[in-house]
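Residues per chain are reported as follows:
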Amino acid sequence: MTLTLGSLFLSRQSFTFKTNSLNNMIRRASSSPSPSSSPVQPPSKRLKLAPPLNYKNGVVLAPMVRSSTLPSRLLALRYGADLVWGPETVDKAIIGCERAVDSKTGVISYHREGRPIFTCHPVEKPYLIYQVGSANPELAAQAASKVSQDVSGIDLNCGCPKPFSTSGGMGAALLSTPDLLCNILKAIRAAVPPEVSVSVKIRLMPTEEETLTLVRKIVETKAVRALTVHCRTRNMRMKEAAMPEKLTPIVNLCRELDPELAVLQNGDCVDRAAAMGVRKLTGCDSVMIATAAESNLSCFQDGPVVDAATELIPKYARLAYYFDNGWGNSKHCLSQFKSPPSVAPAGAKKSAKKEFRATLASAKTYTDLSEFIGGIEDGEEVLKEVEQVLEAREQAVAASRLLEVVRPDTTEPAPSKDVPEPSPPVIPPPPALQFETGVASMVTV
């Protein structure tokens, strides 16, 4: 059986979209105050069937407050991210939202008073984990239930050390209240459907003993399928090197308590090749990338990153414009993108980077970038490209599973311990075999 890349792509019926503002989207969409009180609105497009969320053997996009919003997540997937985390959203912020589906772009928006709090797209659902910030089991459960129809996993943030999170008892503050942390996880697990996974992201405690005690409590809740460990303590900052070597005892404990639990490492990984090194060093299942993805979302692919000026920036700007992503958020993300000179295409102007920075600094809207990137109107094509890549990935996974099913098992059964193995028969040497001084001549093939 021969599989080609072309055979893995599905033909998709093209559709024509126009960019719409959030208010126009809300007016033409049907909103539902909660998933339980009204029927789910069908999105414009959805992958047919997706496998269960797989946290293992991957390189994934980290939750980042401004940098893991919808356009960034889709491009991370396009360039090879296995899973994507959304930005932390505080429980109370999402609970009061209304849900609306843009009938043309397919964008799902949880909004209040015309302001989007969380947006997602059906194409990313099989890979999307929603991160909630909470210090209250009941509120966390409500928040998780609110978005559960549009995501494949719910993650509890127990690692953010910033005051806006810890001041409310959320984020890294939960490391100091392990009983509350575990109660929140159990409440989330009880609130969402069984097909929605639950995970948690923590930091290292001051000592290994404290870390292992916390991890044991978390695993024994039986509420989570994955544990991400940012390999820094609460008091460490980004300028201080992460300590991935401290993850190995955590991995060993998790293997002992629950072999099916996935352990993910976070901290200082720069690309897929480096992630493989981290997995070898620590024994973890997957690796989460944050800062490097802010700089270039193609860090998830094999090989060098793409050129920011000629590929990444135009794709992001067009997709964000098509989705009507908030200009302030897009401007921030665009300002972070960069790439080494070695990946610039032949003939590219050395001054392009400086010119773009100047253009972006003065830009007030997406259209101010149009001339620099060669047009802003092709966001639909970028989305189609993302869809094709993801469908090819699913087809490859399905084909691999099919081969595993039909491949014959050539493993011979182990002999019974109760029955002695028969002695091998004694076969005399053929007449042509000549012996000299007791040693036979042999040929190895």
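The shown structure was predicted, so the numbers you read here are calculated from the model rather than taken from an experiment.

(A) Summary view of the side chain of Arg-73. In this fold, Arg-73 is placed in helix H3 (residues 70-78). Reaching out from Arg-73, the side chain makes a polar contact with the backbone oxygen of Ser-68 at a distance of 2.9 Å.

(B) Representation of a nonpolar patch on the surface within the structure. On the surface, Leu-402, Leu-403, Val-405 and Val-406 cluster together into a nonpolar patch covering about 360 Å² of accessible area. Mapped onto the elements, Leu-402 comes out in helix H16 (residues 379-406).

(C) Molecular detail of helix H8 (residues 208-220). Between its first and last C-alpha, H8 extends 18 Å over 13 residues, near the 18 Å set by a 1.5 Å rise per residue. All buried positions along H8 are accounted for by Thr-211, Leu-214, Val-215, Ile-218 and Val-219. Considered in projection along H8, the buried side chains sweep an arc of 130° and stay on one side of the axis. On the buried face of H8, the contacting elements are helix H7 (178-191), strand S9 (197-204), strand S10 (226-233) and helix H9 (248-257). Immediately downstream of H8, the backbone of Lys-222 shows phi near 60°, a positive value.

(D) Examining the pairing of strand S6 (residues 115-120) more closely. Examined bridge by bridge, strand S5 (residues 108-112) and S6 share five bridges and lie antiparallel to one another. Bridging from a neighbouring strand, Ser-109 pairs with Thr-119 of S6. What sits between S5 and S6 in their antiparallel hairpin is a turn of two residues, with Glu-113 showing a positive phi close to 50°.

(E) Geometry of the packing of H3 against helix H12 (residues 308-323). Two numbers describe how H3 lies on H12: the axes approach to 9 Å, and their chain directions differ by 130°. By the angle between their directions, the pair H3 and H12 is classed as oblique. The hand of the H3/H12 crossing is right-handed. Seen from H3, the contacting residues are Leu-70, Pro-71, Ser-72, Leu-74 and Leu-75; seen from H12, they are Leu-312, Lys-315, Tyr-316, Leu-319, Ala-320 and Phe-323. Here the contact of H3 with H12 is composed, by residue class, of nine nonpolar, one polar and one charged.

What counts as what
- Residues numbered from 1 in each chain as written.
- Predicted model: local features only at pLDDT ≥ 70, side-chain atom pairs only at ≥ 80, totals over all residues.
- Heavy atoms only, no water.
- Helix = DSSP H or I, 4+ residues; strand = E, 2+ residues; numbered from the N terminus.
- Polar contact = N/O pair within 3.5 Å; in protein donor to acceptor, adjacent residues only side chain to side chain.
- Patch = residues over 30% accessible without salt bridge, like charges linked within 9 Å, V, L, I, M, F, W, Y side chains within 5 Å.
- Areas by Shrake-Rupley, 256 points an atom, 1.4 Å probe, with all protein chains shown as cover.
- Salt bridge = Lys/Arg side-chain N within 4 Å of Asp/Glu carboxyl O.
- Expected span 1.5 Å × (residues − 1).
- Buried < 20%, exposed > 50% of the residue type's maximum accessible area, 1.4 Å probe, protein only.
- Arc of directions from axis to C-beta.
- Contact = heavy atoms within 4.5 Å.
- Pairing = 2+ DSSP bridges.
- Axes fitted to C-alpha atoms, helices over the stretch in contact; angles between N-to-C directions.
- Parallel < 35°, antiparallel > 145°, perpendicular 65-115°, else oblique.
- Left-handed = near helix turned anticlockwise from the far one by under 90°.
- Nonpolar A, V, L, I, M, F, W, Y, C, P; charged D, E, K, R; others polar.

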